[in-house]
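Survey of secondary and tertiary structure
The chain contents come next:
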Amino acid sequence: MLEQFSDAWNRHDLPALMSFMHADCVFETAAGGEAWGARHQGHAAVAAAFESAWKNFPDAQWRDGKHVVMGDRGMSEWTFTGTAVDGARSESGGVDVFTFKDGKILVKNVFRKARPMLPALS
């Protein structure tokens, strides 16, 4: 399931992504003003937050995924690459920590290496 979820991210396929999410889903971002980053709750809020990743980085990809599931918990390790709308580039390692409920993702909690943006390609 996590491999299919990752593939949907790389296709920028929001309906497919949301099909994996529990009705009571929570998405905690890597960045934000709180200790947990920013928290988005419920299908509509999570979908909007997911979609913002592609608005901010239109070519966003999560590469080299490695996935583990242990009961109602899971983890995906990846390398994020993307070009921001201003041309600056991002490349950083990260991990998603998941909690599952009823065969769906209840919580997606993101942790990503803090790395400065790379200069735009000439």
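Definitions and limits used
- Residues numbered from 1 in each chain as written.
- Predicted model: local features only at pLDDT ≥ 70, side-chain atom pairs only at ≥ 80, totals over all residues.
- Heavy atoms only, no water.
- Buried < 20%, exposed > 50% of the residue type's maximum accessible area, 1.4 Å probe, protein only.
- Helix = DSSP H or I, 4+ residues; strand = E, 2+ residues; numbered from the N terminus.
- Arc of directions from axis to C-beta.
- Pairing = 2+ DSSP bridges.
- Axes fitted to C-alpha atoms, helices over the stretch in contact; angles between N-to-C directions.
- Contact = heavy atoms within 4.5 Å.
- Salt bridge = Lys/Arg side-chain N within 4 Å of Asp/Glu carboxyl O.
- Core = buried A, V, L, I, M, F, W, Y, C linked by side-chain atoms within 4.5 Å.

Time to look at helix α1 (residues 2-11). Listing the buried residues of α1 in full gives L2, F5, S6, A8 and W9. Each buried residue of α1 sits inside an arc of 155 degrees when the element is viewed along its axis, so together they form one side. Count one or two residues on from α1 and you reach H12, which has phi positive near 60 degrees.

With respect to topology, 6 strands assemble into an open sheet ordered β2-β1-β6-β5-β4-β3, the strand pairing being mixed. Each edge of the sheet is formed by a strand with only one pairing partner; in this case those strands are β2 (39-41) and β3 (61-70). With strand direction ignored, the average angle separating the axes of adjacent strands in the sheet is 15 degrees. Packed on one face of the sheet, α1 meets β1 (21-28), β3, β4 (73-83), β5 (89-101) and β6 (104-112) and runs near 160 degrees to β3. The strands touched by helix α3 (residues 43-56) within the sheet are β1, β2, β3, β4 and β6, with β1 carrying the most contacts at an inclination of about 50 degrees.

This brings us to the pattern of salt bridges. Scanning all chains against the criterion turns up 3 salt bridges. For D13, the salt bridge goes to R11, with nearest N and O atoms at 3.2 Å. Its relative accessible area of 25% is what places D13 among the partly exposed residues. Close ionic contact of R39 with E28 constitutes a salt bridge, the shortest N to O distance being 2.7 Å. Within this pair, whereas R39 is found in strand β2, its partner E28 is found in strand β1, the two being separated by 11 residues in sequence.

Another aspect to go through is the pairing of β6. Here β1 runs beside β6; their pairing, made up of 4 bridges, is parallel. By the bridge assignment for β6, E28 is matched with N109. Sheet topology places β5 next to β6; 8 bridges connect them, and they run antiparallel. Considered in β6, the bridge of V97 is made with N109.

So, about the nonpolar core. Membership of the largest hydrophobic core comes to 28 residues, with the highest contact counts inside it found for F5, W9, M18, M21, F50, W62 and I105. Elements with a minimum of two residues in this core: α1, α2 (14-19), β1, α3, β4, β5 and β6. Residue contacts for W62: discarding those within four places in its chain leaves S6, W9, N10, A53, W54, W78, T79 and F80.

Before going further, it helps to examine the environment of C25. Among the secondary structure elements, C25 is positioned in strand β1. Once the C-alpha coordinates of C25 and T99 are considered, the two residues, 74 residues apart in sequence, prove to be 9.6 Å apart. Apart from residues lying up to four places away in sequence, C25 is in contact with M18, H40, Q41, G42, H43, V46, I105 and L106.

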